[in-house]
Amino acid sequence: MSARLELPAEDLEVRAEFDLLVVGGGSAGTAAAVTGARLGLRTALIEEMPFLGGMSTGGCVGTYCGFYHQERDGSLAPLVGGFPLEIAETLRKRGDAYGPIPFKETAALPYVPWGVKLLLEETCRREEALVVQLHAKVTHAIFDDGLVRGVAVQTREGRAALRARVYVDATGDADLVRAAGLETFKGDAIQYPSMMFTMQNVDTQRALAEMRRLPEIIEEHFESEKLPRRGGNLIPTLRPGEVLVAMSRIDVGGRPLDGSDAEELTYGELEGRAQVARLADFLRRRVPGFEEAFVADSAPRLGIRETRKIAGEYALTESDVLGARHFEDGIGRSAWPIERHVRGGETVWKFLDKGTWYTIPYRCLVPRGVDNLLVAGRCLSAEPDAFGSVRVIGPCMLEGQAVATAARLVRDADCSTRAVDVDRLRHELTARGVPL
Ligand SMILES: Cc1cc2nc3c(=O)[nH]c(=O)nc-3n(C[C@H](O)[C@H](O)[C@H](O)COP(=O)(O)OP(=O)(O)OC[C@H]3O[C@@H](n4cnc5c(N)ncnc54)[C@H](O)[C@@H]3O)c2cc1C
């Protein structure tokens, strides 16, 4: 018989009421919160980490993907406007990002995580209508008669209740949707996580000259050195002697580690750092230019690509992505290839035709069975292949902008999040520079 511990029921005072409450201050959540405040909504952004940016800062993923793409003639052009482009361009002007640079058949913008952290915080602090709470985790949601009625937030002070007209789940793991008791799923093919890390004192000139040979070097030593991933990227940050390394991959008995499982997540953090030490040693021994390099640090947290997603009004499919489908309720453009980190250290790529894009339907951001809750970012409704494309940061940010704009329409029309006038939503987005 297993022992049980019964906790006393809690009766929490509602500490504050908002028009919009965003849970998760990653790329998607920060975009939603800033947009909401700019549209005149009293907005709260609740983040469990001590900083904003989610995987972009905490996971140090290192490049903004999905912001630019390659035209048919190979030239690089912005794919997004509005909030994501504002952030990308500001980072570039500050010297905290460079490019865009061509990458495979598309384009990426390498950035410095520290610069993203600072810019997102500065952007939030300028908005008077926005309250940001860090070190704050949403633990419960009260769901009744089709509506989220309030959430409980755990802070260092204890637990408090908050309420809002509209809620956004931007937790990456569909934490809020799950807490509300609504349907979520993981599917049977989640992607592998990775621990990113930075090396300094690299002779970058020599290392970059060898970059083209990296896949060959990795392939040659893949079995003998028990490397976790075939291929990988060395991303110069443009700070002297500094390179971000994307070569790790964490499994449990050969299958992908599940970042929403407490025990596996702990194992992943520990194994991730052990892997960093092994990979740094490999680079020093095998890759010219790294002989004197050292690990500046690993990312603050394990990079989680995929866990739970919502059961939404529509699930994006592989044919939508590769067929460059434009939806009537499309809220932004996306053209990142399908990139799936799969078994055997492999990465599978499937590309859209150059110069084309699909749009992300609003319905992918609308969980079934609830009238005042939307999602943005990597917990949206998508089939596994389509998810491999839509999970990158450009789409996450534009989804954040879209759901906050929808929240404003919900307030104006006093309607359900499921009944938002999508023509009006698209009109509002284009008026703010979002290409559709
Ligand atoms: C190793 C790796 C490499 C990648 N490389 C790239 C790349 O090069 N370019 C690219 O564009 N994309 C890349 N991606 C994908 C991309 O980083 C993510 O999909 C994207 O950043 C997700 O953004 P998000 O806002 O949806 O979620 P997240 O960034 O995961 O943010 C969710 C936030 O919610 C918070 N949160 C969760 N639960 C709660 C709660 N209950 N209460 C309060 N806060 C909560 C979390 O702390 C987190 O800050 C990579 C991903 C990984 C893992």
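In this text, all values refer to a predicted model and were calculated from it rather than measured experimentally. (Residues numbered from 1 in each chain as written. Predicted model: local features only at pLDDT ≥ 70, side-chain atom pairs only at ≥ 80, totals over all residues.)

(A) Summary view of the overall build of the protein chain. Helix and strand counts for the protein chain come out as 11 helices and 24 strands. In terms of C-alpha radius of gyration, the protein chain reaches 21 Å, essentially the compact-globule figure of 22 Å for 436 residues. A principal-axis box enclosing the C-alpha atoms of the protein chain has dimensions of 60 × 60 × 40 Å. When burial is assessed residue by residue, the protein chain has 50% of its 436 residues classed as buried. (Helix = DSSP H or I, 4+ residues; strand = E, 2+ residues; numbered from the N terminus. Rg over C-alpha atoms; globule rule 2.2 N^0.38 Å. Buried ≥ 20, exposed ≤ 12 C-beta atoms within 10 Å, placed from the backbone.)

(B) Representation of helix 10 (residues 393-413). Over its 21 residues, helix 10 extends 30 Å from the first C-alpha to the last, a length consistent with the 30 Å expected when each residue adds 1.5 Å. Burial within helix 10 is extensive, with 17 of its 21 residues counted as buried. Phi turns positive, to about 45°, at Asp414, one or two residues after helix 10. (Expected span 1.5 Å × (residues − 1).)

(C) Region of interest: the packing of helix 2 (residues 82-94) against helix 3 (residues 113-125). Close contact between helix 2 and helix 3 brings their axes to 11 Å; oriented N to C, the two are set at 120°. Regarding the angle of helix 2 to helix 3, the classification is oblique. For the crossing formed where helix 2 meets helix 3, the hand is right-handed. Of helix 3, the residues touching helix 2 (which contributes Ile87, Thr90, Leu91 and Arg94) are Gly115, Val116 and Leu119. (Axes fitted to C-alpha atoms, helices over the stretch in contact; angles between N-to-C directions. Parallel < 35°, antiparallel > 145°, perpendicular 65-115°, else oblique. Left-handed = near helix turned anticlockwise from the far one by under 90°. Contact = placed C-beta atoms within 7 Å.)

(D) Seen up close, the sheet that holds strand 6 (residues 101-103). As summarised here, the arrangement of the 3 strands in space is 3-7-6, forming an open sheet in which the pairing is antiparallel. Because the sheet does not close on itself, it has two edges, and the strands there are strand 3 (63-65) and strand 6. Looking at each pair of strands side by side, their axes are set apart by 45° on average, direction ignored. As paired strands, strand 3 and strand 7 (residues 106-110) are joined by 3 bridges and run antiparallel to one another. (Pairing = 2+ DSSP bridges.)

(E) The nonpolar core, seen in detail. Within the largest apolar cluster, 98 residues are counted, with the highest numbers of intra-cluster contacts made by Val168 and Val375. Non-local contacts of Val168, meaning those with residues more than four positions away in its chain, are made with Leu20, Val22, Val23, Gly29, Ala32, Leu374, Val375, Ala376 and Val403. Within the second largest apolar cluster, 28 residues are counted, among which are Leu234, Ala246, Val276 and Val287. (Core = buried A, V, L, I, M, F, W, Y, C linked by C-beta atoms within 7 Å.)

(F) Quick look at the domain arrangement of the protein chain. One can read the domain layout of the protein chain as domain 1 (14-189 + 307-431) and domain 2 (197-298). For the side of domain 1 that touches domain 2, the residue count by class is 4 nonpolar, 6 polar and 3 charged. (Domains from an automatic or database assignment. Nonpolar A, V, L, I, M, F, W, Y, C, P; charged D, E, K, R; others polar.)

(G) Examining the environment of Gly303 more closely. Following the sequence through the fold, Gly303 ends up in the loop between strand 18 (294-298) and strand 19 (309-310). In this structure Gly303 comes out as buried when scored by C-beta crowding, with 23 C-beta atoms within 10 Å. The sequence separation of Gly303 and Thr90 amounts to 213 residues, and the corresponding C-alpha distance is 25 Å. Ignoring any residue separated from it by four or fewer positions in sequence, one finds Gly303 in contact with Met55, Gly59, Val61, Pro193, Ser194, Met195 and Met196.

(H) Seen up close, the site of the ligand. Taken together, 40 residues are adjacent to the ligand, and Gly24, Gly26, Gly54, Gly303 and Gly377 come closest. When residues of the shell around the ligand are traced back to their parent elements, those giving at least two are helix 1 (27-38), strand 3, strand 9 (137-144) and helix 10. For the shell around the ligand, the residue count by class is 16 nonpolar, 16 polar and 8 charged. (Near = placed C-beta within 6 Å.)

(I) Molecular detail of the pairing of strand 2 (residues 43-46). Residues Thr43 and Leu45 point to one face of strand 2 and Ala44 and Ile46 to the other, with burial holding for every one of them. One ladder, built from 4 bridges, connects strand 2 with strand 8 (residues 130-133); its direction is parallel. Bridging across to strand 8, Thr43 finds its partner in Leu130.

(J) Focus on the pairing of strand 1 (residues 14-23). Across 8 bridges, the pairing between strand 1 and strand 11 (residues 158-169) is parallel. By the bridge assignment, Ala16 is partnered in strand 11 with Leu162. When strand 1 meets strand 2, the two strands line up parallel, connected through 4 bridges. Bridging across to strand 2, Leu20 finds its partner in Thr43. Once the chain exits strand 1 it traverses helix 1 before rejoining the sheet at strand 2, and the crossover so formed is right-handed. (Right-handed = clockwise from strand over helix to strand, strands pointing away.)

(K) Spatial organisation of the sheet that holds strand 14 (residues 233-236). Strands sit in the order 14-15-13-18 across an open sheet of 4 strands; the sheet is antiparallel. On the outer flanks of this sheet lie strand 14 and strand 18, each paired with one strand and no other. Looking at each pair of strands side by side, their axes are set apart by 30° on average, direction ignored. The pairing of strand 13 (residues 197-200) with strand 18 spans 4 bridges and is antiparallel. Bridge pairing links Thr198 to Asp297 in strand 18. Sheet contacts for helix 7 (residues 262-286): strand 13, strand 15 (243-246) and strand 18; angle to strand 18, the most-contacted strand, approximately 155°.

(L) Molecular detail of the packing of helix 1 against helix 10. Two elements in contact, helix 1 and helix 10, have axes separated by 7 Å at closest approach and are oriented at 35°. Classified by chirality, the crossing of helix 10 by helix 1 is right-handed. Counted together, Ser27, Ala28, Gly29, Thr30, Ala31, Ala32, Thr35 and Gly36 of helix 1 and Ile393, Cys396, Met397, Glu399, Gly400, Gln401, Val403, Ala404, Thr405 and Ala407 of helix 10 form the full contact between these two elements. When its residues are assigned to classes, the contact of helix 1 with helix 10 shows 9 nonpolar, 8 polar and 1 charged.

(M) Unusual backbone geometry, seen in detail. With an omega of 10°, the peptide bond between Gly99 and Pro100 qualifies as cis. With respect to the element layout, Pro100 can be found in the loop between helix 2 and strand 6. Phi at Lys226 is positive, roughly 50°, even though this residue is not glycine. Positive phi values are uncommon outside glycine, yet Ala324 reaches one of about 50°. Residue Ala324 is classed as partly exposed on the basis of its 17 C-beta neighbours within 10 Å.

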